[in-house]
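The chain contents come next:
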Amino acid sequence: ALQDVAVAMRADLTQRMALLEEALTTRNAELARIETHALKGSLASITAERAAMLVKALEMAAQQKAWDLFQRAMPMLRLEARRIDSELADLLPPQ
């Protein structure tokens, strides 16, 4: 069961990060708001508190269309997402 959660969370994280990158590139505030809100909930469910706080800041930046702030915060979220993905991968059997 834990491995299933890890697989699902890795897929969700990958998809949502790609959509956040798209939102930033296209300056799509609605897409950014939807994806940050959903990602914040997913991260909170696995107690990834630092990442959830970063996403909350991105969500507020999207609501205000503060793209400069959004762009400055994305590298920190990318790093945190890689760390989380690595930890989730460690829960899976070696391939």
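In what follows, the accompanying structure is described. For every chain, the first residue of its written sequence is number 1, and the numbers climb from 1 along that sequence. It should be noted that, the model being predicted, local features are given only for residues of pLDDT at least 70 and side-chain atom pairs only at 80 or more, the latter also being counted only at that level, while totals for whole chains, interfaces and linings use all residues. By convention in this description, side-chain values take in all heavy atoms of the structure and omit both hydrogens and water.

## Brief notes about the environment of D90
Defined as follows: Comment: elements are numbered from the N terminus, with helices defined as DSSP H or I runs of at least four residues and strands as E runs of at least two. With a 1.4 Å probe rolled over the protein chains alone, any residue whose accessible area is under 20% of its type maximum counts as buried; one over 50% counts as exposed, and the rest are partly exposed.
Residue placement: D90 occurs in helix α4 (residues 67-90). Under the relative-accessibility criterion, D90 is labelled exposed at 61%. Taking C-alpha positions, D90 is 9.7 Å from Q3, a pair spaced 87 residues apart along the chain.

## Regarding the environment of L39
Defined as follows: Between two residues, a contact is recorded if the distance between any of their heavy atoms is within 4.5 Å.
Here L39 shows up in helix α2 (residues 29-45). Sequence-distant contacts of L39, that is, excluding residues within four places in its chain, are made with L13, R16, M17, L20 and V55.

## Thoughts on the nonpolar core
In plain terms, the rule: The nonpolar core is taken to be a set of buried Ala, Val, Leu, Ile, Met, Phe, Trp, Tyr and Cys residues, with the residues joined through side-chain atoms within 4.5 Å.
Of all hydrophobic cores here, the largest spans 30 residues; its most connected members are M17, L43, F70, M74 and L77. At the level of elements, α1 (2-26), α2, α3 (49-63) and α4 are the ones that each hand at least two residues to this core. Per-element tally for this core: the top contributor is α4, with 8 residues. Excluding residues that lie within four positions of it along the chain, L77 makes contacts with M17, L20, A51, L54, V55 and L58.

## Describing the side chain of D12
Rules: For the purposes of these results, a polar contact is taken to be a pair of N or O atoms within 3.5 Å, where, inside protein, one atom must be able to donate a hydrogen and its partner to accept one; residues adjacent in sequence count only when each atom of the pair is a side-chain atom.
With respect to the helices and strands, D12 occurs in helix α1. We classify D12 as buried; its relative accessible area is 16%. Here S42 takes part through its side chain, which lies 3.1 Å from a polar atom of the side chain of D12.

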